[in-house]
Amino acid sequence: MKKILLLLILHFAICFLNSFAQETFPVNGTRENNKLYYAFTNARIFTDYQTRIDSATLLIKEGKIEAAGKGIKIPEGAVVTDLKGKFIYPSLVDVYTSYGMPEVKKENVQGPQMESKTKGAYAWNQTLKPEFNAASAFAADAKKAEELRKNGFGSVLTLQQDGIARGTSAFVLLGDGKENKLLLKEKVTACYSFKKGNSTQDYPSSLMGSIALLRQTYLDAQWYAQNNTAEKNLSLQSWNETQSLPQIFETDDFLSALRADKVGDEFGKQYIIKGSGTEYRRIDEMKATNASFILPLNFPDPYDVEDPYDALIVNLDDLKHWEMAPTNPAAFEKNKIPFAITSDGLKDLSKFWKNLRKAIELGLTETEALKAITYSPAKLIGVENMVGSLKPGLKANFIITSANLFDKKNIILENWVDGIYYKVNPLEVQDIRGTYDLTIGGSVTYKLKIEGEDRKPSLKVLYSDTVPTSGDISVDKKIVSLSFPVEKGKTDLIRMSGVIEDKQLSGRCQLPAGTWTDWKAVYKEAFIEKAKKDSTDNKPKEIGKLVYPFMAYGWSEQPKQETVIIKNATVWTNENSGKMENTDVLIENGKISVIGKNISGTENAKVIDGTGKHLTAGIIDEHSHIAISKGVNEGAQASSSEVRIGDVVNSEDINIYRQLAGGVVASQLLHGSANPIGGQSALIKLRWGLTPEKLKIENADGFIKFALGENVKQSNWGDDRTVRFPQTRMGVEQVYYDAFLRAKEYEKSFSNYNATSAKQKGSSGAPRRDIELDALVEILNKKRFITCHSYVQSEINMLMHVADSMGFKVNTFTHILEGYKVADKMKAHGVGASTFSDWWAYKYEVAEAIPYNAAILNEQGVTVAINSDDAEMGRRLNQEAAKGVKYGGMSEED
């Protein structure tokens, strides 16, 4: 007994000293430099996720694994721990945390902020922080480290989760002591997201702006590497220095995972995607990215639907996500997509194991689960030669458990970090449950009942009656401590401590009066554990089907093209044939194949009886803002031609379904009207259930949104919005001239560069690529076309004059509520009109709108469309167009 106690004292002393002693730091006192071996014998050891060795020995020294396996010779003087019946696993590795990072608080800024407030020669936008080095900011957090260790983690990748370019991460140990010992590797990965974070700068104000900023920064960094004499930019310098590192990109839904991968493909980067937990919804598309993923376990809690009114407000997609979120890791395993698991996103870390076991219950294998929390995260960031397995030479990072790691009853007992012991739970416990007769000072007698679990016993004390009173009890190896009221109903406590010998308890206690005396508890009856009803449901879990999109009215299977014949309909051709009565239409391979009567060769076609019904071309909405993720405006600057609605198409928008129900089959998704030069459009077919890229109309011309009027000069934005140019209608005109003059100069600079010899190119370097000006050059070269928000005739005339003088055409004036005043000029310019049917008087600049606008423009030979600009109106564009018949006498076919 004394020998065991001495070894334990020596063991703890060495661990304590090792946790503080460091090579370059002075020690206040004598320096401890013991080089002891530690041997853990008779354990079931998982040397990695796929290798288990029973009755094996783990040998460690100086924080490293010396050996693991059978037949290992234990060096003389080693501290030996017998772990018969216990398990050893590599400690868990988490590669997405903010452990030890300083808190970043958002500054309170009044009014617009056009420029970065970051001091120094850094990026123009303060959400770009590629120069941030997590290793320089890392400060160990003892409380958080202990919480992570209790859950089995031994090392983590830490980064500052703020901004679009987040700088580099650091790989650290979860021990106590100085950062010098805990920091294993700096600048491990470069980190990105689409989130603006705590930046107070106005730009970007939308998801498409974040994507554009990221794309432009890639281009700027490439240019800077070739032309770094033009300016000194420490952010771009850091950006270039970190491009060879693994690149982690945080996303907040599966659509953003696809967006991130698209950016990566453009610039030759294969991101490690930090997922959101929604990837199972489009697992085929996730696989097609060829990315590795870091998956959270932030499964939603059950919804409280006891109240039927509360139940009514829970969406179907929320309920299905609650049901299917735990299947996400299994979906990755089934599809052989590499992944690691992170605790990030869990507000309560204690749910980590509960949720991981839930994922295993729903299809994730234990082998893959262990791989995802040990080897895979280490492999992803290139530290598998340090941690993640128990191979010789690696860090002695391991956990000792009471049972299989994934067993619900398993308890993590010890967590060794860098060869230093951290107690989580007692390695051995004395099961002292039962009934005892307690004698204090040889006279006072109580009856004790010790119940509960062997590792967490509970104490009941019986006085003269049979109703017990609760007390406190704790057991640590052979030491026991108890306390309870001296009399029933009194607050004065008897506090006792003692030792356990063959289930007999004895020691000394202090009475409430302060006197000390002996006590003894004699074991009388065994504790009989009540049989628990087995609540385990052994039936296979039934999980609902995926639907596309993941919401109400989604398809259980994605739709496929069919051969269809519609018979005996009245067909509105929109051609010279006009309306054709009792006519058939054959559709093959997604296209109209034949129009006529009694079409032959259609035996295998699906037949739709159109008798008494009308068949028209699908409605096209020229001006729509549906199906756009996280902002339709990027309005922080006068020109945002660099942003693309195509980057943020939202295939999960219920308005696609609703507008299909109203006959709309295609839409132009437009940027808003926040600035004179807005963003690039997306032209989509409303293919309900398909992904964003498959909604886009292939080979469609490029379009872009311009705007005139009150919005762009910020007259209705509030009194504090007086900083951004322009603030007048005159200024709007100058924005256009300035933009297109710059675009012409920009195009000329590339023409001149491309005309120079190879030798001259090598000495001068290429001009800086600017995606804002790229779009304007496309307009000048008739490769991109303008849709312009407009109301007042003076501004309509102005933009046509700017276009004529600068050599481009306006394709469409949208809204165009005073178009009837300038219809002849619009016809001469060749511009179309996309108008409201009868919106007026909703602001001052539409005071002279009339319901005859569309009819007058049509009579003058201008191509006219009726648009929605509104998700609700998009469901009834046929009725909106019919107002032209009512007010202006337009023909039904027009």
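Reference entry: report on the structure contained in this document. Quantities reported herein were computed from a predicted structural model and do not represent experimental measurements. (Residues numbered from 1 in each chain as written. Predicted model: local features only at pLDDT ≥ 70, side-chain atom pairs only at ≥ 80, totals over all residues. Heavy atoms only, no water.)

Let's talk about the overall build of the chain
Basically, it comes down to this: Note on conventions: DSSP H or I runs of at least 4 residues are helices, E runs of at least 2 residues are strands, and numbering of each starts at the N terminus. Only protein chains enter the calculation, and the probe is 1.4 Å; a residue is then buried if its accessible area is under 20% of its type maximum, exposed if over 50%, and partly exposed in between. Contacts between residues were defined by any pair of non-hydrogen atoms, one from each residue, lying within 4.5 Å. Throughout, the Shrake-Rupley method with a 1.4 Å probe supplies accessible areas, and for residues the shown protein chains are the sole cover considered. When charges are counted, neither His nor the chain ends are considered; positive counts come from Lys and Arg and negative counts from Asp and Glu. Think of each charge as sitting on NZ of Lys, CZ of Arg, CG of Asp or CD of Glu.
Helix and strand counts for the chain stand at 23 helices and 38 strands. Referenced to the eigenvectors of the C-alpha coordinate spread, the extents of the chain come out at roughly 115 × 70 × 60 Å. For the chain, the proportion of its 894 residues judged to be buried stands at 50%. Taking as baseline every contact in the chain between residues at least 6 positions apart, the subset at least 24 positions apart corresponds to 65%. Surface accessibility of the chain: about 43,200 Å² in total, with carbon and sulfur atoms responsible for 49%. Taking the average place of the 111 positive charges on the side chains of the chain and the average place of its 114 negative ones, the gap between the two points comes to 5 Å.

Topic: the packing of helix α17 (residues 729–755) against helix α20 (residues 793–806)
Just so we agree on the cut-off: Axis angles are defined between N-to-C directions and span 0 to 180 degrees, where every axis is a line fitted to C-alpha atoms and, for a helix, only to the segment in contact. With respect to orientation, any angle under 35 degrees is reported as roughly parallel, any angle over 145 as roughly antiparallel, any angle of 65 to 115 as roughly perpendicular, and every other angle as oblique. In this scheme, a crossing is called left-handed if the near helix is turned counterclockwise away from the far one by less than a right angle; it is called right-handed if the turn is clockwise. Residues are sorted three ways: Asp, Glu, Lys and Arg are charged, Ala, Val, Leu, Ile, Met, Phe, Trp, Tyr, Cys and Pro are nonpolar, and all the rest, Gly among them, are polar.
At a closest axis distance of 11 Å, the pairing of α17 and α20 adopts a crossing angle of 20°. Our classification of the angle between α17 and α20 gives roughly parallel. In this structure, α17 meets α20 at a crossing whose hand is right-handed. Every residue of α20 that contacts α17 at R729, V732, E733, Y736, Y737, F740, L741 and K744 is listed here: E795, M798, L799, H801, V802, S805 and M806. Residues of the contact of α17 with α20, tallied by class, amount to nine nonpolar, two polar and four charged.

Some points on the pattern of salt bridges
It is possible for side chains bearing opposite charge to pair when their charged atoms get close. What counts, and what does not: Put simply, a salt bridge is a Lys or Arg side-chain nitrogen that is within 4 Å of an Asp or Glu carboxyl oxygen.
Summed over the entire model, instances satisfying the criterion amount to 45 salt bridges. For D220, the salt bridge goes to R768, with nearest N and O atoms at 2.8 Å. Pair noted here: D220 is in helix α5 (residues 207–226) and R768 is in the loop between α18 (758–764) and α19 (771–780), with a separation of 548 residues, a long-range link. The class of R768 is partly exposed, set by a relative accessible area of 33%. Among the salt bridges present, the one from D518 reaches R508, with a minimum N-O distance of 3.1 Å. With D518 in strand β24 (residues 516–526) and R508 in strand β23 (residues 504–510), the pair connects residues that are ten residues apart, well separated along the chain.

Description of the pairing of strand β15 (residues 412–417)
Definition in use: Two strands qualify as a pair provided that DSSP identifies no fewer than 2 bridges between them.
The element β15 is extensively covered by neighbouring structure, given that six of its six residues are classed as buried. As judged from the four bridges shared by strand β14 (residues 398–401) and β15, these two strands associate in the antiparallel manner. Within β15, the residue paired with T401 across the bridge is I412. Where β15 and strand β16 (residues 420–423) come together, four bridges link them in antiparallel fashion. Bridge pairing links V417 to I420 in β16. Counting the residues in the hairpin turn of β15 and β16 gives two residues, including D418, whose phi is positive at 55°.

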